[in-house]
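# Structure assessment
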Amino acid sequence: MRKLPLHPGARGLDDDCAILEIGNETLILTHDMMAEGTHFQEGGDLADAAWKLVAVNLSDLASKGAEPIGLLLGHSLGSGDERFLEGLYEALSAHDVPLLGGDTIKTTGKRAFGLTAIGRASHTPVPSRCGAQIGDQLYVTGLLGCAMLGFEGDPEHLAAYNRPTPRLIEGQALAPHVSAMMDISDGLMLDTFRMASASEVSIAIDSALVPVASNKRRNECMRWGEDYELLFTLPLETEPPVDCMRIGTVEPQGFAPLIFDSNPVVNPEGLGYQH
Ligand SMILES: Nc1ncnc2c1ncn2[C@@H]1O[C@H](COP(=O)(O)OP(=O)(O)OP(=O)(O)O)[C@@H](O)[C@H]1O
Ligand SMILES: Cc1ncc(C[n+]2csc(CCOP(=O)(O)O)c2C)c(N)n1
Ligand SMILES: [Mg+2]
């Protein structure tokens, strides 16, 4: 896809969102889809699917420090649509973001939902994945692995899987300070690997510092994904303005983008959820 004619705001299709400067405004745009059987189960509660569709898109906006403006929904009709609308209502109200429009279709076979989220930059330059500098410190918000435990049925963590919270407030507080920022959708290890590659540095993670939901399953918590927390780098002297943990350090680019507990990791395979 990178061979297609790309807008400069597409950031080479290597970032969470596209950035569009129009006059004095900077718009931030993203689109994420969910498919039956992959992202939500047939017969499951579509209120949760609708909430999650909104949350995962707002999470990409959050990772660029955007304030949401509105959403465009691509909806395929089917059973459970009333619940879908209830979940959508709850998500729009909870995040104070209105619907702008969309499209509704009939389908045969599996259903898919798409959502385009449009936001306004709260700070320019808009944080990217590619700005991590040697000597910066790596941080993460929240606790990783909650979504995995929720998916497995742990009642304490069901909401983390079904109803994730996009870190919009944190993203806006961080945007003026970070050298790089992204959300973690595919697992800490894989997403850190991507940030390091985009920034042309190596990033060293100290796994003992990573806040995880299950100490026994620390490794899985760092790989499973769907936690929608923020991953970011700050200069050494900058105090983080939000609740977060320091988990690593940015180093000069070596042969491996990721250094995990002093071990170089060259191959992204197996680091996280790959689509
Ligand atoms: N079909 C597509 N057409 C154009 N650009 C795409 C397409 N699929 C992905 N991209 C672009 O590739 C980049 C990475 O996409 P990806 O979906 O991995 O990021 P994400 O939204 O942060 O992650 P996730 O989908 O796991 O939440 C983004 O810039 C995205 O716009
Ligand atoms: C059985 C099972 N194994 C793994 C996962 C993890 N997973 C699925 S979708 C996704 C995030 C991004 O999706 P996309 O990039 O397609 O939008 C992740 C991390 C899961 N939910 N269920
Ligand atoms: Mg993202």
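Residues numbered from 1 in each chain as written. Chains lettered and ligands numbered in written order. Predicted model: local features only at pLDDT ≥ 70, side-chain atom pairs only at ≥ 80, totals over all residues. Heavy atoms only, no water.

The subject of this paragraph is the overall build of the protein. The secondary structure content of the protein amounts to 7 helices and 12 strands. The C-alpha atoms of the protein give 18 Å as radius of gyration, which agrees with the globular expectation for 275 residues (19 Å, within 12%). When its C-alpha atoms are laid out on the principal axes, the protein stretches across 50 × 50 × 35 Å. A total of 275 residues make up the protein; the buried ones form 49% of that total. (Helix = DSSP H or I, 4+ residues; strand = E, 2+ residues; numbered from the N terminus. Rg over C-alpha atoms; globule rule 2.2 N^0.38 Å. Buried < 20%, exposed > 50% of the residue type's maximum accessible area, 1.4 Å probe, protein only.)

Taken as a whole, this structure holds 6 aromatic pairs when the rule is applied. Three or more aromatic residues joined by ring pairs make a cluster, and in this case those are F40, F84 and F113. The ring of Y161 carries the charged tip of K52 above its face, separated from the ring centre by 3.6 Å. (Phe/Tyr/Trp six-rings, centres within 6.5 Å; stacked < 30°, edge-to-face > 60°. Lys NZ or Arg CZ within 6 Å of the ring centre and 35° of its normal.)

This brings us to the site of ligand 1. Taken together, M1, L13, D15, D16, D32, D60, R129, D183, S185, D186 and H275 form the complete shell of residues around ligand 1. For ligand 1, an oxygen atom lies 3.4 Å from a polar atom in the backbone of L13. Relative to its free-state accessible area of 620 Å², ligand 1 is covered by the protein chains to the extent of 61%. The site holding ligand 1 turns out to be the largest pocket. A class-by-class count of the residues in the shell around ligand 1 yields 2 nonpolar, 2 polar and 7 charged. (Near = heavy atom within 4 Å. Polar contact = N/O pair within 3.5 Å; in protein donor to acceptor, adjacent residues only side chain to side chain. Areas by Shrake-Rupley, 256 points an atom, 1.4 Å probe, with all protein chains shown as cover. 1 Å grid on protein atoms, 1.4 Å probe; cavity = no way out; pocket = protein on both sides within 12 Å on 5 of 7 lines; lining within 4 Å. Sits in = over half its atoms within 2 Å of the grid points. Nonpolar A, V, L, I, M, F, W, Y, C, P; charged D, E, K, R; others polar.)

Side chains of strand β8 (residues 202–205) alternate between two faces, with S202 and A204 and I203 and I205 buried alike. Pairing geometry for β8 and strand β10 (residues 245–251), over 4 bridges, is antiparallel. Paired with S202 across the two strands is E251, which belongs to β10. Here β8 pairs with strand β11 (residues 258–260) via 3 bridges, running parallel. Across the sheet, residue A204 finds its bridge partner in β11, namely I259. (Pairing = 2+ DSSP bridges.)

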